[in-house]
Amino acid sequence: GDIRFEHVYFKYHPTAEGWNLTDVDLHIESGMTVGILGGTGSAKSTLVSMIPRLYDVNGGAVYVGGHNVKDYTMEALRGGCAMVLQKNTLFSGTIRENLRWGDENASDQEIEAACRLACADEFIEQKPDGYHAEIAQGGTNLSGGQRQRMAIARAVVKKPEIYLFDDSFSALDVKTDKTLRMRLRESMGDSTMLIVAQRVGSILDADRILVMEDGQIVGRGKHRELLHTCPLYREIAELQLGEEEVKHELECV
């Protein structure tokens with residue numbers, strides 16, 4: 001679960017002007033929860049996509065577990081990661097069959113425990129057929145929040161070394177978001193968790209928060225520390241949490 005970016009440069013097209021990621025130098029220790037915040041186009045998703053090699057660096061290197069990601073087979077590297085996107089793919093079949101994409105050998109007890117953790121049991125158990133209820137292709141018979149919770153449960157079933165949540169809590173209400181993150185932290189053990197978020201509230205309690213702008217990390221630290229040291233983070237926090245709340249946080253020692 002240990003992740004290291006060493007002076008990483010990346011652009012989507014070799015002839016493009018400028019870089020999508022510029023000189024990213026970063027070490028995330030195994031077991032840490034790291035939040036990533038920034039505006040649209042700041043390359044938050046690009047950053048986490050480098051870990052399972054959805055894209056390869058143009059310069060520098062990415063290491064997982066002390067080894068360059070290029071030294072792993074794709075099967076081994078992606079087998080150790082679970083990536084949950086804002087929009088996730090669900091397949092036609094039962095709820096249980098969809099969740100077994102995380103681990104085809106998962107027991108019924110493991111599946112149900114993952115759903116409790118992801119707060120998905122709330123709507124699954126209300127269905128007449130429970131875990132045998134049918135899901136339409138693409139999950140069109142579920143709400144956006146239900147699809148996200150299903151995808152998170154599927155990731156938990158996989159038991160990865162690294163969780164990559166790319167705006168995966170955006171369709172959840174604030175209470176469910178908080179409950180789910182608390183349960184994840186309690187159960188993740190030595191797994192590492194990266195959370196790309198639009199809401200400051202989704203990463204308040206992270207071990208470290210990275211603030212990104214134009215493909216660069218412009219701030220890193222805990223919530224209260226960044227309110228003092230990173231103007232962009234403070235601006236986002238004031239917009240989302242309110243100026244009075246931020247003022248109170250700044251006055252706290």
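Residues numbered from 1 in each chain as written. Predicted model: local features only at pLDDT ≥ 70, side-chain atom pairs only at ≥ 80, totals over all residues. Heavy atoms only, no water.

Could you clarify how one ought to interpret the packing of aromatic side chains in this entry?
Aromatic ring pairs: the centre-centre distance and the angle between the two ring planes describe each pair. Summed over all chains, the structure comprises six aromatic pairs. Residues Tyr9 and Trp19 carry aromatic rings whose centres are separated by 5.3 Å and whose planes lie at 65 degrees to one another, so their mutual orientation is edge-to-face. Linking Tyr9 in strand S1 (residues 3-10) with Trp19 in the loop between S1 and strand S2 (21-28), this pair joins segments that are ten residues apart in sequence. Judged by its relative accessible area of 27%, Tyr9 falls in the partly exposed class. Judged by its relative accessible area of 39%, Trp19 is partly exposed. With centroids separated by 4.9 Å and ring planes inclined at 80 degrees, the aromatic side chains of Phe10 and Tyr12 adopt a geometry described as edge-to-face. An aromatic cluster is present here, built from Phe10, Tyr12 and Tyr55 joined pairwise through their rings. Over the aromatic face of Trp19 sits the side chain of Lys11, whose NZ or CZ is 4.5 Å from the ring centroid. (Phe/Tyr/Trp six-rings, centres within 6.5 Å; stacked < 30°, edge-to-face > 60°. Helix = DSSP H or I, 4+ residues; strand = E, 2+ residues; numbered from the N terminus. Buried < 20%, exposed > 50% of the residue type's maximum accessible area, 1.4 Å probe, protein only. Lys NZ or Arg CZ within 6 Å of the ring centre and 35° of its normal.)

Would you mind going over the pattern of salt bridges with me for this structure?
Where side chains of opposite charge bring their charged atoms close, a pairing between them can arise. For the structure shown, the criterion picks out eleven salt bridges. With its nearest N and O atoms 3.0 Å apart, the salt bridge here joins Asp108 to Arg96. Here Arg96 lies in helix H3 (residues 95-99) and Asp108 lies in helix H4 (residues 108-117), a separation of twelve residues in the sequence. According to the relative accessible area criterion, Asp108 is partly exposed, its value standing at 34%. Note on Arg96: relative accessible area 10%, which makes it buried. Put simply, Lys159 and Glu110 hold a salt bridge, and the shortest N to O gap is 3.1 Å. In this pair, Lys159 sits in the loop between helix H6 (144-158) and strand S9 (162-166) while Glu110 sits in helix H4, placing the two residues 49 residues apart along the sequence. Looking at Glu110, the relative accessible area reads 32%, which means it is partly exposed. (Salt bridge = Lys/Arg side-chain N within 4 Å of Asp/Glu carboxyl O.)

Is there a simple way to explain unusual backbone geometry in this structure?
Note: most peptide bonds trans; most residues except glycine with negative phi. In this structure, Asp23 is a non-glycine residue whose phi angle is positive, near 50 degrees. Judged by relative accessible area, which is 35%, Asp23 ranks as partly exposed. Phi angles above zero are rare outside glycine, and Lys159 is one such case at about 55 degrees.

Help me out: how do you make sense of the sheet that holds S2 in this one?
Either a parallel or an antiparallel arrangement is found when strands of a sheet pair, and the pairing is made through backbone hydrogen bonds. Taking strand neighbours across the sheet as the criterion, the four strands line up as S2-S1-S4-S5 in an open arrangement whose pairing is antiparallel. Two strands in the sheet have a free side with no partner beyond their single neighbour: S2 and strand S5 (67-68). By the bridge criterion, five bridges tie S1 to S2 in an arrangement that is antiparallel. Paired with Arg4 across the strands is His27, a residue of S2. (Pairing = 2+ DSSP bridges.)

How do you make sense of the packing of helix H9 (residues 231-241) against helix H10 (residues 243-251) when you look at a structure like this?
Their axes nearest at 6 Å, the elements H9 and H10 cross at an angle of 125 degrees. The angle between H9 and H10 falls in the class oblique. Between H9, through Arg234, Ala237, Glu238 and Leu241, and H10, the contact on the second element is made entirely by Glu243, Glu245, Val246 and Leu250. Residue classes in the contact of H9 with H10 are distributed as four nonpolar, no polar and four charged. (Axes fitted to C-alpha atoms, helices over the stretch in contact; angles between N-to-C directions. Parallel < 35°, antiparallel > 145°, perpendicular 65-115°, else oblique. Contact = heavy atoms within 4.5 Å. Nonpolar A, V, L, I, M, F, W, Y, C, P; charged D, E, K, R; others polar.)

Would you take a moment to explain the sheet that holds strand S3 (residues 33-38) for this structure?
Judged by pairing direction, the sheet is mixed, and its six strands sit side by side in the order S6-S9-S10-S3-S11-S12 without closing on themselves. Across the chains shown, the open sheet's two edge strands, defined by having one partner strand only, are strand S6 (81-84) and strand S12 (216-221). Pairs of neighbouring strands in the sheet enclose a mean axial angle of 15 degrees, with direction left out of account. In this structure, S3 lies alongside strand S10 (residues 192-197), joined through five bridges in parallel fashion. Directly across from Gly35, in S10, lies its bridge partner Ile195. Running at roughly 100 degrees to strand S11 (residues 208-213), H9 makes contact with S3, S11 and S12 of the sheet.

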